[in-house]
Amino acid sequence: MDERIKQGYHKIYSEMYLIILSLAAVSLVVNTTFFRKTISQCWFEYVILVGSPIYRLIRIRMLEIVDAPAAGWKRVFGIRLAAALACAFGLLVIVSFVQTGGVEILPLIGFMIPFAALFCLVAFATKKLQESWKRALDKKYEDNE
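For the structure given in this document, a descriptive report is provided here.

**Let's talk about the overall build of the chain**
Right, on to step 1. Assigned secondary structure in the chain consists of 4 helices and 0 strands.
Right, on to step 2. Starting at the N terminus and ending at the C terminus, the chain contains elements arranged as α-α-α-α.
Right, on to step 3. Radius of gyration (C-alpha) of the chain: 19 Å, far over the 15 Å computed for a compact globule of 145 residues.
Right, on to step 4. Its C-alpha atoms put the chain at 65 × 35 × 25 Å along the principal axes.

What follows is the structure in structure tokens.
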């Protein structure tokens, strides 16, 4: 198979991955907000949302691909964190308004603080993990030369 065709397939699959993750997130929000389903009734969405990034990390390690952060990673991370917090906060405000007819800010802020902490923890842990993989691969290929 031609390399250009392989790259095209990889691009299609990566776009499909993002579409599936987005649909699972939207499905989770719609099911819990409008249909008042509980967490135990949305297990399939959770499997997709949690399992996909874990599967990606496992495959990155198995294929010995190093996805080390580029220069300016902290700035990009800050923008992503701010965007994620704004989206989550907006979604929580809408859900709260739809369910109760009003919005209480303090419980929402109480939810956002652990969300931001976990978001940062996972991001920094993943960064450190991939940096250690990069060092190990660099050492492995350095020894082979």
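**A few points about the nonpolar core**
Right, on to step 1. Counting 5 residues, the largest nonpolar core is built from Trp73, Phe77, Leu81, Ala116 and Ala123.
Right, on to step 2. For this core, the elements supplying multiple residues, two or more each, are helix 3 (73-100) and helix 4 (105-144).
Right, on to step 3. Tallying contributions element by element places helix 3 first for this core, with 3 residues.
Right, on to step 4. In contact with Trp73, not counting residues within four places along its chain, are Ala123, Phe124 and Lys127.

**As for helix 2 (residues 43-62)**
Right, on to step 1. Compared with an ideal rise of 1.5 Å per residue, which puts 20 residues at 28 Å, helix 2 spans 27 Å between its outermost C-alpha atoms and is within 8% of the ideal.
Right, on to step 2. The largest bend along helix 2 reaches roughly 30 degrees and is located at Gly51, with the proline Pro53 sitting one to four residues downstream.
Right, on to step 3. Of the residues making up helix 2, those classed as buried are Glu45, Ile48, Ser52 and Ile60.
Right, on to step 4. Phi turns positive one or two residues past the end of helix 2, at Glu64, with a value near 55 degrees.

Each value, and the rule that gives it
Residues numbered from 1 in each chain as written. Predicted model: local features only at pLDDT ≥ 70, side-chain atom pairs only at ≥ 80, totals over all residues. Heavy atoms only, no water. Helix = DSSP H or I, 4+ residues; strand = E, 2+ residues; numbered from the N terminus. Rg over C-alpha atoms; globule rule 2.2 N^0.38 Å. Core = buried A, V, L, I, M, F, W, Y, C linked by side-chain atoms within 4.5 Å. Buried < 20%, exposed > 50% of the residue type's maximum accessible area, 1.4 Å probe, protein only. Contact = heavy atoms within 4.5 Å. Expected span 1.5 Å × (residues − 1). Bend = angle between axes of the 7 residues up to and from the residue.

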